[in-house]
Amino acid sequence: MDAKPAAAATTPAAASAQTTLTMIAKYGKQKIELPGLSPTSTNLRQVKELLCEKTGILPKRQKLIGLKGTKGSVVGDDTPLSDLKSKGNNSGGAVVHQFILMGTPEEKIF
C-alpha cells in the first residue's frame, strides 16, 4: 500500500521525464510527424537528423520556425526538447510541438 501514495506524489519534472513528446513539422503541403521522442535525451540536432531522413534536407540547411525556448532562452541545435515552450496544444498528457520546416533538399541545389 505504501507504493501507491509514492507513485501519486511524483513531481512535475519526474512526470515530464516519463512522458514522450511528438514533433510535427509542416513542410510545404505535408505534415511530418516524429512521435515518441524523449524530452530530456533528445535535442534539436537529433530532430534535424530525423527530418533529414524523411525529407533529404541536410540539417545545416534546415530552419525550424515557431519553436521557442522557456523563459526567453535562445533555441539552438543543442537545446533539449524539454527546454521548448509548450503552446498549450497538449491533449491527454502528451506533449506536442508544431513548427514549420524551411529548407531545400540537396538534389535540388544546382
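In case you missed it, the structure is sitting above this.
Residues numbered from 1 in each chain as written. Predicted model: local features only at pLDDT ≥ 70, side-chain atom pairs only at ≥ 80, totals over all residues. Heavy atoms only, no water.

## Structural notes on the overall build of the chain
Within the chain one finds 3 helices and 4 strands. Counting helices and strands in the order they occur from the N terminus, the chain gives α-α-β-β-α-β-β. Counting all 110 residues of the chain, 28% fall into the buried class. Partitioning the contacts of the chain with sequence separation of at least 6, the portion at a separation of at least 24 is 56%. Of the roughly 7,300 Å² of accessible surface on the chain, a fraction of 55% belongs to carbon and sulfur atoms. (Helix = DSSP H or I, 4+ residues; strand = E, 2+ residues; numbered from the N terminus. Buried < 20%, exposed > 50% of the residue type's maximum accessible area, 1.4 Å probe, protein only. Contact = heavy atoms within 4.5 Å. Areas by Shrake-Rupley, 256 points an atom, 1.4 Å probe, with all protein chains shown as cover.)

## Comments concerning the sheet that holds strand S1 (residues 21-27)
The strand order across the open sheet formed by 4 strands is S2-S1-S4-S3, and the pairing between neighbours is mixed. The sheet is open, and its two borders are formed by strand S2 (30-37) and strand S3 (63-65), each paired with just one other strand. When the angles between neighbouring strand axes are averaged without regard to direction, this sheet yields 30°. Sheet analysis places S3 next to strand S4 (residues 95-102), joined by 3 bridges and oriented antiparallel. The residue bridging Ile65 from the neighbouring strand is Ile100, located in S4. (Pairing = 2+ DSSP bridges. Axes fitted to C-alpha atoms, helices over the stretch in contact; angles between N-to-C directions.)

## Notes on the pairing of S2
Across 6 bridges, S1 lies against S2 in antiparallel orientation. Counted as the bridge partner of Met23 is Leu34 from S2. Following S1, the chain reverses through 2 residues before pairing antiparallel with S2; Gly28 in that reversal takes a positive phi of roughly 65°.

In short, geometric facts, not functional conclusions.
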